[in-house]
There are 2 protein chains.
Amino acid sequence: METLESVKTRVYKFGNKTADGNSKMKNLLGGKGANLAEMSLIGIPVPPGFTITTEVCTEYNLLGKDAVVKMILPEVEESIENIEKIMGAQFGDKENPLLVSVRSGARVSMPGMMDTVLNLGLNDEVVIGLAKRTNNERFAWDSYRRFIQMYGDVVLGMKPESKDDIDPFEEIMEALKHKRNIKLDTEFTIQDLKDLVYDFKEAVKKRTGHDFPTNPWDQLWGAVVAVFNSWNGDRAVYYRKMSGYPSDWGTAVNVQAMVYGNMGDNSGTGVCFTRDAGTGEDVFNGEYLINAQGEDVVAGTRTPQQITKLGSLRWAELAKVEEEDRFKNYPSLEELMPNIYLELNGYQQKLEDHYKDMQDMEFTMQDGKLWILQTRNGKRTGAAMVKIAIDMLKQGMIDEKQALLRIEPNKLDELLHPVFDPKSLKKAHVIAQGLPASPGAATGQLVFFADEANKYKYTILTRIETSPEDLEGMNIARGILTARGGMTSHAAVVARGMGKCCISGAGALKINYKTRTLTVDGKEYHEGDWISLNGSTGNIIEGKVSTIEPELSGEFAEIMKLSDKYATMKVRTNADTPKDAKAARNFGAQGIGLTRTEHMFFEVDRIKAMREMILADTVKGRKYALDQLLPMQREDFEGIFEAMQGLPVTVRLLDPPLHEFVPHQLTQQKELAEEMHISLEAVKSKISELEEFNPMLGHRGCRLGNTYPEITEMQARAIIEAALNLKAKGIVAIPEIMVPLIGTVEEFEMQENIIRNTAQKVFEEYNDTIEFLVGTMIEIPRAALTADLIAKKAEFFSFGTNDLTQMAFGYSRDDASKFLPIYIEKGILKVDPFEVLDQEGVGQLVKMGTEKGRSTKPNLKVGICGEHGGEPSSVEFCYNVGMNYVSCSPFRVPIARIASAQAAIKKSM
Amino acid sequence: METLESVKTRVYKFGNKTADGNSKMKNLLGGKGANLAEMSLIGIPVPPGFTITTEVCTEYNLLGKDAVVKMILPEVEESIENIEKIMGAQFGDKENPLLVSVRSGARVSMPGMMDTVLNLGLNDEVVIGLAKRTNNERFAWDSYRRFIQMYGDVVLGMKPESKDDIDPFEEIMEALKHKRNIKLDTEFTIQDLKDLVYDFKEAVKKRTGHDFPTNPWDQLWGAVVAVFNSWNGDRAVYYRKMSGYPSDWGTAVNVQAMVYGNMGDNSGTGVCFTRDAGTGEDVFNGEYLINAQGEDVVAGTRTPQQITKLGSLRWAELAKVEEEDRFKNYPSLEELMPNIYLELNGYQQKLEDHYKDMQDMEFTMQDGKLWILQTRNGKRTGAAMVKIAIDMLKQGMIDEKQALLRIEPNKLDELLHPVFDPKSLKKAHVIAQGLPASPGAATGQLVFFADEANKYKYTILTRIETSPEDLEGMNIARGILTARGGMTSHAAVVARGMGKCCISGAGALKINYKTRTLTVDGKEYHEGDWISLNGSTGNIIEGKVSTIEPELSGEFAEIMKLSDKYATMKVRTNADTPKDAKAARNFGAQGIGLTRTEHMFFEVDRIKAMREMILADTVKGRKYALDQLLPMQREDFEGIFEAMQGLPVTVRLLDPPLHEFVPHQLTQQKELAEEMHISLEAVKSKISELEEFNPMLGHRGCRLGNTYPEITEMQARAIIEAALNLKAKGIVAIPEIMVPLIGTVEEFEMQENIIRNTAQKVFEEYNDTIEFLVGTMIEIPRAALTADLIAKKAEFFSFGTNDLTQMAFGYSRDDASKFLPIYIEKGILKVDPFEVLDQEGVGQLVKMGTEKGRSTKPNLKVGICGEHGGEPSSVEFCYNVGMNYVSCSPFRVPIARIASAQAAIKKSM
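Residues numbered from 1 in each chain as written. Chains lettered and ligands numbered in written order. Predicted model: local features only at pLDDT ≥ 70, side-chain atom pairs only at ≥ 80, totals over all residues. Heavy atoms only, no water.

### Things to note about the overall build of chain A
Here is step 1: A count of helical and extended segments in chain A gives 37 helices and 34 strands.
Here is step 2: Its C-alpha atoms give chain A principal-axis dimensions of about 100 × 65 × 60 Å.
Here is step 3: Buried residues in chain A amount to 57% of all 909 residues.
Here is step 4: As displayed, chain A has an accessible area near 37,900 Å², and 49% of this comes from carbon and sulfur atoms.
Here is step 5: When the 107 basic and 129 acidic side-chain charges of chain A are each reduced to a single mean position, those positions are 2 Å apart. (Helix = DSSP H or I, 4+ residues; strand = E, 2+ residues; numbered from the N terminus. Buried < 20%, exposed > 50% of the residue type's maximum accessible area, 1.4 Å probe, protein only. Areas by Shrake-Rupley, 256 points an atom, 1.4 Å probe, with all protein chains shown as cover. Lys, Arg positive; Asp, Glu negative; His and termini not counted. Charge placed at Lys NZ, Arg CZ, Asp CG, Glu CD.)

Below is the structure:
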């Protein structure tokens, strides 16, 4: 050992409004230790204690227990003395015992590290002193029982011996319950607790071969070493590997005085918030209980009281409690202990000022002395998040960039869609889980057929799958539920466009159209039964759950406006109808990044012409049918261009396999045969010809336009004519024509030629021109790999990360539900790559595609129109790759705008 | 113009056994011009002529016609004079006219460049002289008619005016035929031909506004300029773009004296080969006709005579012609014109010696003077190719590397599979085309059910699709034909493994099992009708075509042995049975690169246990069924390991989706339900649960092993136990366990853990160990992108380029038949990427995967096991990427061995 080593500080004290460390020393003291030091330093009365540094952990791994204990013993002894002095109690003292907690604390919070050991310092003698001092024998013995259990588990390795075994201490308790014929822990008598302590210690001796340590110092060193060992435990190693943290960081150990809120009527415990976590209102609030432990506040067996008088009065009004009753039985802390309240109020102001964010604090009063146990940035609703950010900006606490960074973009979803009333949700019984296909909450009565969607006032349309014929019913229903299909199924895509709540692919549902029943786990639900859907989580809930309609606040407008000041990457929307386009424009969309033209064909009068086109055997026959579709498509485009006037509109040419457009029910096939004057056999034969083994990888996208050029011609004509018609009315349309599913530059060239030739013809016919671009989706891996060649021709790229993810992973999104959930559960995947762009793999293709594209066309316009375009971490990735815009469904436009601004701010920092 | 420009040589003469240029001047003289110069230079009597250089073409594009004509006029005049001197005839002379041909000739052969103009120099007066000199008025006027037609088309732009029109000259000829009520060109009288010439010239005048040029010099300049213009014609530009040739190469113009074999009994024409193109035998051979033009030899209206006496005698024997008759009516050139024969024989030896390869020559005798019109490397059969290479090596003409490079690897296929007898094939009527799923030729009687495959001696099993139940019937049938399914369908994969001829996905076939008929294009074929399949081309032929069984020659063995001397990259095989493994080993396979374990489950007794496993609802139930499968799998592996003893065997764990194993027919579903003592409903429900939208991207590969770890456990156990059992018998097994469909390193780690833990258990049970590797397929794009991470764990990579191609292109191989043929026809794709590895796109992933993999594991063993492993250009790519081995089906092993050797040789050059 070097001498220098032995003189450096290895133990950092805190408490009594002073500390050796501070919040900047996270690497040395761990996150928890640094924060405790910081709080103490700024004058917050935290229970005193000390932190053994992360460096000691590393030394322990090198040198072992004895050397390390020898090295830090003097400092630890000094630190314990310091705690004793502040708390006025002695470690191991039988009369006035000091008990401590021992916790691990790495640089970052690491779930799976060592659990906490509480009440350390107890033994057969000290427990008696504790009982006397608290005047609560039951509490003392229960604490002792818990201490042995925790210490045994965490420090002495008293775990179940195999996966099939139960916890050894639980086993003893179960046996005693059985013997005493009781069910709950609270039914144990004091004598039972004493017996348990005895039996626990016996079990420890039997299993480990050693007595349970009675000397508090032995207990302390045991716990400290256990924390160090936990750094190399299986769970911590796994977590580090998953997160990419190096193993030489080590963990710190925090030892802190125990304080008790259950030492009588001068004691208590509570939780408080510096602002309202539900609304964001700038009022101090919280709850407390006299003579109680933290878990009593949470347990709900006693009614917690409010911290402030204002809060108490509000509570009484809601709870319909008379003022007299309130003041007598549920007084606020402000009224009951005005001095403590004043002190607490000072601390909350100080902490919020210090951390510049709404704080969620835990406190305990022990014998009239206030201790702050913990403070952290408070969780809040979406509405509160927005209000607090804007309020703090106005109050000068944070600047604009900070205000923007305070927004968790995904939480804005709550503000845009109906949500379940949290009160109503408490009793919710989730009967199954599907894919969260389209966010929001919906409650309604079950119907099984689209044409019965108006049978009740509020309906949930429940189908095995939906098809184009169901469109109108889907529009009427409050929510849509399907047993099959993925996140890109017909139901899911249409619902997202409508901004309507939808859960798809809920495989546990057995739907019987004949009996009009839905069976889940053996329980049957009938038509007319109430059901509720949470489209944001995929939860399917039995019965009626009331919903809250969204209402956008002024603060929401302010934060969105602020985002435009910092965002350099634009946000467009995916919209297939003028209605969607208008909605998105209201949300601030700066153009359309994806209009799927095929959805236009699904409407009843159009699907007929489309089917005739598909069934035609000759180019002439196809052209005849396409001529019927032309005016309808043109009208669609006119509507969309008008809604987006002055902004670019990316129109994707026909994409899905033709099989999706043909009727699959016999009656409809018969109708079609009659209409077309051909035999039913011919219709069936054509439909069966269109069937594919893997339609996702089949005859679709530009493969259609290149094998049936007349389709592309019709679509190009409709687009150009629409723009020219609007131009005549003084409306500016900026079409960007997008070719889907390009894998080779030759495919693009062929489509581009058709489009440009058609446009030229239309220009001549109209004797007028408009500006337009021709570009392509990059959604096939090969397109990303050969983007340099494709960019020589294409005027813009739009990454279709849905298909790109499907092909890069080899996952069919519609089928992945069979293994994706298991993969996520087993940790093979961290997140669903269809929700969050896989930057490690798929991201390489996006980056490569962008870079290669710009290598041959430096000013290439690049965007994204997959679902990821509205997912914040993916938006940030797109910004860093250098994209010009992201495009997402209308209701995610605000989320993407914030994410775009945040990405720019983060990069500038 | 610089002075230097005007003095450089722009026109290169050749003829009279001398030449200004030589074969090295291809860039300047074009390929054809350089070769004509070379032949003349080495003393071959080519019809004299000259070449205008490619540089002049470039000058023409800059300066235009007048400047260029002025610049080259003196050289061209001198060159024409040179021809006149050699030929003893005058250009434009009425008595003794010299006629010439004009041809384009770029550096490389470019289909789509200008057509040839023959007989240039004719006009109304010259034609009379020609008639006199040839004593053949009909020939003279027909030549004149043809000249105007060719010149009009090529030089004067007399093309059809629109796509629907016919050729303007053909129109005139059709009108005359109609008027004269005749059908064939040969029925025209001399007067008709004269009338045609008149009408043709009128048509030219009417369409172009100018008289047809009568001055031979005007004709010549017109043709020269037309050649230059053709360089920038649509077809040439398109071809250049496709092939990546620069536009500044330009084309040369070749002007050459016309010679005629139809000037009397002292004239003639013929084709000859320096060796036998069918067998490779080193004998001079060929055919000729007296008083004939080249087209007469080809036309088949007269019986061509043999060049050599030996050939003539052999011919007479086959044709059953008596010697007297032969000698009188069909004498050989050797007998008829011994001097000319001797001269020709000298030239053929000289040309073969010069070009060091078998030559295919065209010659003409005009008035007793021999002219060699052309020589080129002769096309040959696979057998001849091998024999000639080995013979020339032994004769010291070429060295070992050259001999190997002479092998066109794909042609070896002919030697390994039955082929159609070319004579029998001449009358073949191709009724439809399918995918060439497994090479070879087969002829047999139609059967529609696998269990009737032995109904006739030779059968062709014809099915809509095949399924595992058909296995035995497939083994019995001579060939397999399916209407659906792609190159990786069940039929295709099984047939390739068996080395049996198969055509799949022949969509034009309508199969009716009830009536036992096959309908194509309205024509019906019944059970028992004869049909023939060419599995190498996909041609389906009506009736019986006799086949020739392969017989491997000594030269074949010699060339294969030679390949091993130069090949550094190894060749393994894809084999699923001991039989296949043995076959491949006989073909020189150096291990197994892919054993698909799932095929083992398709056999009747196993499929039952497999289905029970799939239908089990619990881990316990699955394990029970897997326990039944274990001994069978172990036995399979023992057989394969034994066949490959001492060589590595890569075993791929279960890959296909479980749906492929369940019965799809009601009767079988009922049976299964009874066997398992569950309801038919339960069986059906489970089967429908397994259905997927895109099974290719579904629950398969390691996704099975990671969701049902017990499957991997069973397979790992079977592999390790098999190897240990053999070890006990003194047989060395080298298993390389391969995890399929890895997309993330986490998936691999989980599988690797199961495999290693299982192996450890088995080692303990056997108290013995063996060496084995655990590696992975790289077949998911994401795996290639993250290969650096995967290689940290995997001990080897094997590129599965089938799936990699499917996912990189987004093509389902089973469905691509709907657009791939159209794509290839339209030039969007040059070749089918499932046959030839797409180096531009998919190749990037292979290269990236290899490089990234070796960046973290420098000695990573890398191979390929997709179908491309047996395709020569792909094998070369794999070599250049640095792979350790390629693996292919047994019958392609020899091909891959040659390709591997060639790749190494090419790189070393």
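Once the structure has been displayed, the description carries forward.
### Concerning the interface of chain B and chain A
Here is step 1: Contact residues are listed per partner, giving 54 residues for chain B and 54 residues for chain A.
Here is step 2: Both faces combined, the contact of chain B with chain A buries some 5,000 Å², and carbon together with sulfur accounts for 55% of it.
Here is step 3: The largest contributions to the chain B side of the interface with chain A come from F693, L697 and R782 of chain B, which together make up 14% of the buried area.
Here is step 4: There are five salt bridges connecting chain B and chain A.
Here is step 5: Along the contact surface separating chain B from chain A lie 33 residue pairs in polar contact (both at pLDDT 80 or more).
Here is step 6: Secondary structure elements with two or more residues in the side of chain B that touches chain A: α27 (680–690), α28 (702–707), α30 (745–766), α31 (781–785), α33 (801–809), α34 (820–826) and α35 (842–856) of chain B. (Contact = heavy atoms within 4.5 Å. Buried area = accessible area lost by both parts, 1.4 Å probe. Salt bridge = Lys/Arg side-chain N within 4 Å of Asp/Glu carboxyl O. Polar contact = N/O pair within 3.5 Å; in protein donor to acceptor, adjacent residues only side chain to side chain.)

### Structural notes on the packing of aromatic side chains
To describe a pair of aromatic rings, you give the distance between the ring centres and the angle between the ring planes.
All names here are of chain B.
Here is step 1: Inspection of the entire model under this criterion finds 41 aromatic pairs over all chains.
Here is step 2: Between F819 and Y823 the ring centres are 5.7 Å apart and the planes differ by 65°, which places this aromatic pair in the edge-to-face class.
Here is step 3: For F819, a relative accessible area of 0% puts it in the buried group.
Here is step 4: For Y823, a relative accessible area of 0% gives the class buried. (Phe/Tyr/Trp six-rings, centres within 6.5 Å; stacked < 30°, edge-to-face > 60°.)

### Some points on the pairing of strand β3 (residues 49–52) of chain B
Residue and element names in this part refer to chain B.
Here is step 1: Burial along β3 is two-sided: G49 and T51 facing one way and F50 and I52 facing the other are all buried.
Here is step 2: In this sheet, β3 lies alongside strand β1 (residues 11–15) in antiparallel orientation, the contact comprising four bridges. When the bridges of β3 are listed, K13 appears paired with F50.
Here is step 3: Two strands pair when backbone bridges link them, and β3 and strand β8 (residues 252–257) are joined in this way by four bridges, in the antiparallel orientation. Within β8, the residue paired with F50 across the bridge is V255. (Pairing = 2+ DSSP bridges.)

### Focus: the nonpolar core
Here is step 1: Among the nonpolar cores identified, the biggest contains 276 residues, and I559 and F641 of chain A together with I559 and F641 of chain B are the most heavily contacted of them.
Here is step 2: Dropping the residues within four chain positions of it, I559 of chain A is found in contact with V386, A389, I390, A403, L404, I407 and I898 of chain A.
Here is step 3: In terms of nonpolar packing, the next biggest core, distinct from the first, is built from 73 residues, V11, L98, V155 and F200 of chain A among them. (Core = buried A, V, L, I, M, F, W, Y, C linked by side-chain atoms within 4.5 Å.)

### Some details on the confidence of the model for chain A
Here is step 1: Across chain A, pLDDT averages 92, with 98% of residues at or above 70.
Here is step 2: Interface confidence for the predicted complex, given as ipTM, is 0.82, next to a pTM of 0.84. (pLDDT = per-residue confidence, 0-100.)

### Comments concerning the environment of K159 of chain B
All names here are of chain B.
Here is step 1: By secondary structure assignment, the location of K159 is in the loop between α6 (137–154) and α7 (168–180).
Here is step 2: Residues K159 and K620, spaced 461 residues apart in sequence, show a C-alpha to C-alpha distance of 78 Å.
Here is step 3: Beyond its immediate sequence surroundings of up to four residues, K159 is in contact with D153, P168 and R207.

### Let's talk about the sheet that holds strand β33 (residues 861–864) of chain B
Residue and element names in this part refer to chain B.
Here is step 1: Taking strand neighbours around the barrel as the criterion, the eight strands line up as β27-β28-β29-β30-β31-β32-β33-β34 in a closed arrangement whose pairing is parallel. Ignoring which end each strand starts from, the neighbouring axes of this sheet average 30° apart.
Here is step 2: The sheet contact formed by strand β28 (residues 592–596) and strand β29 (residues 648–652) spans three bridges and is parallel. Residue pairing for β29: I592 is matched across the bridge by V649.
Here is step 3: Along the sheet, helix α37 (residues 893–908) makes contact with β27 (570–574) and β34 (885–888), crossing β27 at roughly 160°. (Axes fitted to C-alpha atoms, helices over the stretch in contact; angles between N-to-C directions.)

### Here's the deal with unusual backbone geometry
All names here are of chain A.
Here is step 1: One non-glycine residue with positive phi stands out, namely K356, at about 55°.
Here is step 2: A residue is classified by how much of its surface remains accessible, and K356, at 36% relative accessible area, is partly exposed.
Here is step 3: Positioned with a positive phi, D521 is a non-glycine residue whose angle comes to about 55°.
Here is step 4: By relative accessible area, which is 79% here, D521 ends up exposed.

### A closer look at the pattern of salt bridges
Residues and elements named next belong to chain A.
Here is step 1: Counted under the stated rule, the structure contains 116 salt bridges over all chains.
Here is step 2: Where D142 meets R145, a salt bridge forms, and the shortest distance between an N and an O atom there is 3.0 Å. Of this pair, D142 and R145 both sit in helix α6 (residues 137–154), three residues apart, which is roughly one turn of that helix. Per residue, the accessibility class of D142 equals that of R145, and both read buried.
Here is step 3: Through salt bridges that share partners, E598, R652, D655, R700 and D803 make up one connected network.

### So, the relation of the copies chain B and chain A
Here is step 1: Once chain B has been moved 0.1 Å along the axis and rotated by 180°, it coincides with chain A to within an RMSD of 0.2 Å. On this basis, the relationship between the two copies can be described by a two-fold rotation axis.
Here is step 2: Counting the interface residues of chain B, we find that 100% of their copies in chain A are interface residues as well, pointing to one common contact surface. (Least-squares fit on C-alpha atoms with pLDDT ≥ 70 in both.)

### Description of the domain arrangement of chain A
Residues and elements named next belong to chain A.
Here is step 1: For chain A, the assigned domains are domain 1 (4–257), domain 2 (268–380), domain 3 (418–548) and domain 4 (567–597 + 635–657 + 709–908).
Here is step 2: At the interface, twelve residues of domain 3 touch ten residues of domain 4.
Here is step 3: Counting each side, the surface lost to burial between domain 3 and domain 4 is near 930 Å², with a carbon and sulfur contribution of 49%.
Here is step 4: At the surface where domain 3 touches domain 4, the tally comes to zero salt bridges.
Here is step 5: Where domain 3 packs against domain 4, one counts zero residue pairs in polar contact (both at pLDDT 80 or more).
Here is step 6: Of the residues belonging to the side of domain 3 that touches domain 4, the class tally is four nonpolar, seven polar and one charged. (Domains from an automatic or database assignment. Nonpolar A, V, L, I, M, F, W, Y, C, P; charged D, E, K, R; others polar.)

### Topic: the packing of helix α26 (residues 666–676) of chain B against α27 of chain B
Residue and element names in this part refer to chain B.
Here is step 1: α27 packs onto α26 with a crossing angle of 115° between their chain directions and a minimal axis gap of 8 Å. α26 and α27 meet at a crossing whose hand is right-handed. Where α26 abuts α27, its residues L666, Q669, K670, L672 and A673 lie against L680, V683, K684 and I687. (Left-handed = near helix turned anticlockwise from the far one by under 90°.)

### A short note on helix α22 (residues 554–566) of chain A
All names here are of chain A.
Here is step 1: Between its first and last C-alpha, α22 extends 19 Å over 13 residues, near the 18 Å set by a 1.5 Å rise per residue.
Here is step 2: Within α22 the residues assigned to the buried category are E555, F556, I559, M560, L562 and S563. Burial along α22 is one-sided: seen end-on, the buried residues are contained in an arc of 160°. Pointing more than 90 degrees away from the buried face of α22 are the exposed residues K561 and K565.
Here is step 3: Turning to α22, the residues buried within the fold contact α16 (382–394), α17 (400–405), α18 (413–416) and α37 (893–908). (Expected span 1.5 Å × (residues − 1). Arc of directions from axis to C-beta.)

### Description of the sheet that holds strand β23 (residues 523–526) of chain A
Residue and element names in this part refer to chain A.
Here is step 1: Strand order in the open sheet formed by three strands is β21-β22-β23, and the pairing between neighbours is antiparallel. Two strands close off the open sheet at either side, each with one partner strand: β21 (509–512) and β23. This sheet shows a mean twist of 25° between the axes of neighbouring strands, independent of strand direction.
Here is step 2: Sheet topology places strand β22 (residues 517–520) next to β23; four bridges connect them, and they run antiparallel. Residue pairing for β23: L518 is matched across the bridge by Y525.

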